[in-house]
Amino acid sequence: MGNSVDIRLKNTMTHSAECLRKAVPLMVKYNIAVTPANYALWYSYVSGNHPNLNAKLDAALQTYGTCPPALSRDLFEEFLSDKDLDLFDSVAENISNLVEQVQSDMGQTLSTTSDFSQVLDSCNQDLDRYSKQQSHDIDVLDLVNKLAEESKLMQQTAERFQNKLSTAYHEISRLREELKQSQQAATKDALTGLNNRGAFDEDIELLCSSHHSALKLFLTFVDIDHFKQFNDDFGHQKGDQVLQVVAKRLLKNADQLNTAYRYGGEEFCILSQFKDVETAVNYAEKIRAEIERLAVKDGKSGQSLRNITASFGIAQYVGSSCTELVENADKALYEAKESGRNRVVVYKSFG
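About the criteria used
The written sequence of each chain sets the order in which its residues are numbered from 1. With pLDDT at 70 or above as the cut-off, local features in this predicted model cover only qualifying residues; side-chain atom pairs require 80 or more to be listed or tallied, and sums for whole chains, interfaces and linings still use all residues. With hydrogens and water set aside, each side-chain value is computed from the structure's full complement of heavy atoms. Runs of E in the DSSP output that reach at least two residues are strands. Runs of H or I that reach at least four are helices, and both are numbered from the N terminus. Using a 1.4 Å probe on the protein chains alone, a residue whose accessible area is under 20% of its type maximum counts as buried, one over 50% counts as exposed, and one in between counts as partly exposed. Residue burial considers only the protein chains on display, and all accessible areas are found by Shrake-Rupley using a 1.4 Å probe. Pairs of strands are assigned from DSSP output, requiring at least two bridges between the strands. Axis lines are fitted through C-alpha atoms, for helices just across the contact stretch, and the angle between N-to-C directions can take any value from 0 to 180 degrees. Residues count as neighbours in contact if any of their non-hydrogen atoms are within 4.5 Å of one another. Any pair of nitrogen or oxygen atoms within 3.5 Å is treated as a polar contact; in protein, a donor-acceptor pairing is required on top of that, and neighbouring residues in sequence qualify only through side-chain atoms on both sides. As a working rule, the residues Ala, Val, Leu, Ile, Met, Phe, Trp, Tyr, Cys and Pro are called nonpolar, Asp, Glu, Lys and Arg charged, and the rest polar, with Gly in that last group. Multiplying one less than the number of residues by 1.5 Å gives the expected span of a helix. Within this document, salt bridges are pairs made up of a side-chain nitrogen of Lys or Arg and a carboxyl oxygen of Asp or Glu, the two lying within 4 Å of each other. The aromatic pairing rule takes the rings of Phe, Tyr and Trp, using the six-membered ring of Trp, and pairs them if the centres are within 6.5 Å, calling planes under 30 degrees apart stacked, those over 60 edge-to-face and the rest tilted. By definition, being over a ring means that NZ of Lys or CZ of Arg is both within 6 Å of the ring centre and within 35 degrees of the ring normal. Our arc is simply the arc of the directions from the helix axis toward the C-beta atoms.

Draft legend 1. Fine view of the overall build of the protein. Within the protein one finds 11 helices and 7 strands. Within the span of the protein, comprising 351 residues, buried residues form 38% of the whole. Surface summary for the protein: the accessible area is close to 19800 Å², and the carbon and sulfur share equals 51%.

Below, the structure written as structure tokens:
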């Protein structure tokens, strides 16, 4: 029994060590940022625990030569648990404390095992001595009783250790559930449901620093035209509704290579990967036309009170910096607004 447990434990540790050796080199190879969430994703990938996860990652690697940040986040949420970078340190500390406790319990168990082993050795020596001295059966019986008592103590210790391992497992599960529940507040905008500014800042840094795909990286800023007027004329509640319906159009057109964010106020942005500028413009034009068909309506009569439009500014990442990419997209957006609004403008350096 003891040997089989030792073998299983050894196999588990060996497997984990092998996964550790494989995960990080793969992340480096495919230009994946070594973040806690990404590390968990790729550790699971090399461990083979989720075949569907592996299939989706393999498809992404074949198509893009990497795994885009938005897809990484989707896969993490689907197959593991949602991340909350703000709480990661505290959660990791709690898990670390649990591991330390388990290690302490394991040490106590091993100590007891060592004591039991010493008892066995002593009994064996006594048995050997009694055999040579032809001792009475009562002496052998005492040894057997002694072994039985020690065996019972060893069993009780093992059961206590198993119970503590079970408690640790449930505690870790609870922490992971709390981590999952807190993710929405960490990466999502509460009003629109889009990714928030923090998620954008993270994703654009990752994409710019590791972008080696055959597809080109684009940033599109989207600004609702005359948004202040909606608030002034119809109130902030209607203004919030405008933000929400525009966000729904952005979310409807989002996919693994087109991720929408609420940048701030009435301004949104989209990180996209396309083969050329023309495809990026067509994508933006499609969304612009969908927004143009929207209108603020009277809550009672349903009558349209005012149409909604938005201006779009597109810039392409050319290997300089993500700061310059943001600046160029902002310049294109400014030109779109200055030239009449409700239009798509591409930054002139490549447009």
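Anyway, onward from the coordinates.
Draft legend 2. Geometry of the sheet that holds strand S1 (residues 216-224). Taken together, 5 strands build an open sheet; the order of strands is S2-S3-S1-S6-S7 and the sheet is mixed. Edge strands, defined here as strands with exactly one partner in the open sheet, are strand S2 (258-264) and strand S7 (344-346). In this sheet, adjacent strand axes meet at a mean angle of 20° when their direction is disregarded. Relative to strand S3 (residues 267-274), S2 runs antiparallel, the two sharing 6 bridges. Residue pairing in the sheet places Tyr-261 in a bridge with Cys-269 of S3.

Draft legend 3. Region of interest: the environment of Asn-258. Among the structural elements, Asn-258 can be located in strand S2. Through-space distance from the C-alpha of Asn-258 to that of Ser-272 is 4.4 Å; in sequence the pair is 14 residues apart. With near-sequence residues (within four places) excluded, Asn-258 lies in contact with Asn-253, Ile-270, Leu-271, Ser-272, Gln-273, Phe-274 and Tyr-283. Within the structure, the side chain of Asn-258 is placed 2.9 Å from the side chain of Asp-255, a separation counted as a polar contact. Reaching out from Asn-258, the side chain makes a polar contact with the side chain of Ser-272 at a distance of 2.7 Å.

Draft legend 4. Up close: the packing of helix H8 (residues 227-234) against helix H9 (residues 236-252). Relative to each other, H8 and H9 sit at 145°, their axes nearing to 7 Å. Within the contact between the two elements, H8 uses Phe-227, Phe-230, Asn-231 and Phe-234 and H9 uses His-236, Lys-238, Gly-239, Val-242 and Leu-243. A per-class count over the contact of H8 with H9 returns 5 nonpolar, 3 polar and 1 charged.

Draft legend 5. A look at the side chain of Ser-311. Checked against the element boundaries, Ser-311 lands in strand S6 (residues 310-316). Of the polar contacts made by the side chain of Ser-311, one reaches the backbone nitrogen of Asn-342; its length is 3.2 Å. Those residues in contact with Ser-311 that lie beyond four places of it in its chain are Phe-221, Val-222, Asp-223, Asp-225, Leu-333, Ala-336, Lys-337, Arg-341, Asn-342 and Arg-343.

Draft legend 6. Focus on helix H7 (residues 197-210). The terminal C-alpha atoms of H7 lie 20 Å apart, and with 14 residues this matches the ideal 20 Å at 1.5 Å per residue to within 8%. Measuring from the side-chain oxygen of the N-cap residue of H7 to the backbone nitrogen of Gly-198 gives 3.1 Å; that N-cap residue is Asn-196.

Draft legend 7. Region of interest: the pairing of S1. A large share of S1 lies buried, amounting to 8 of its 9 residues. Of the pairings in the sheet, the one linking S1 to S3 comprises 8 bridges and is antiparallel in character. Considered in S3, the bridge of Phe-218 is made with Ser-272. As paired elements, S1 and S6 share 7 bridges and run antiparallel to each other.

Draft legend 8. Representation of the pairing of strand S5 (residues 304-307) within the structure. In terms of strand pairing, strand S4 (residues 295-297) meets S5 through 3 bridges, oriented antiparallel. Within the sheet, the bridge partner assigned to Val-296 lies in S5 and is Arg-306. Between S4 and S5, which pair antiparallel and follow one another directly, the connecting turn spans 6 residues, one of which, Gly-302, has a positive phi of 80°.

Draft legend 9. The pattern of salt bridges, seen in detail. Taken as a whole, this structure holds 12 salt bridges when the rule is applied. Between Arg-197 and Asp-201 there is a salt bridge whose closest N-O contact spans 3.1 Å. Taken together, the residues span about one helical turn, with Arg-197 and Asp-201 both in helix H7 at a distance of 4 residues. Residue Arg-197 is classed as partly exposed on the basis of its relative accessible area of 36%. If you follow the salt bridges from partner to partner, you end up with Lys-252, Lys-286 and Glu-290 in one network.

Draft legend 10. Inspection of the packing of aromatic side chains at higher detail. In the structure shown here, the tally under the stated rule is 8 aromatic pairs. With 5.4 Å between their ring centres and 80° between their planes, Phe-200 and Tyr-263 make a pair best called edge-to-face. Highlighted residues: Phe-200 in helix H7 and Tyr-263 in strand S2, separated in sequence by 63 residues. The positively charged end of Arg-197 is found above the aromatic ring belonging to Tyr-263, 4.0 Å away from the centroid.

Draft legend 11. How the structure looks around the packing of H7 against helix H11 (residues 322-338). Remark: H7 packs on H11, axes separated minimally by 9 Å, with the N-to-C direction vectors making an angle of 115°. Between H7 and H11, the residues in contact are Phe-200, Ile-204, Glu-205 and Cys-208 and Cys-322, Leu-325 and Val-326, respectively. Looking at side-chain class alone, the contact of H7 with H11 contains 6 nonpolar, no polar and 1 charged residues.

Draft legend 12. Local environment of helix H10 (residues 277-292). Relative to the 22 Å expected for 16 residues at 1.5 Å per residue, H10 spans 22 Å between its end C-alpha atoms, a close match to the ideal helical length. Of all the residues in H10, the buried ones are Val-277, Ala-280, Tyr-283, Ala-284, Ile-287, Arg-288, Glu-290 and Ile-291. Mapping the buried residues of H10 onto a view down its axis gives an arc of 160°, with all of them on the same face. Its buried side turned inward, H10 meets S1, H9, S2, S3, S6 and S7. Measuring from the side-chain oxygen of the N-cap residue of H10 to the backbone nitrogen of Glu-278 gives 3.4 Å; that N-cap residue is Asp-276.

On their own, these measurements won't tell you what the molecule is for.
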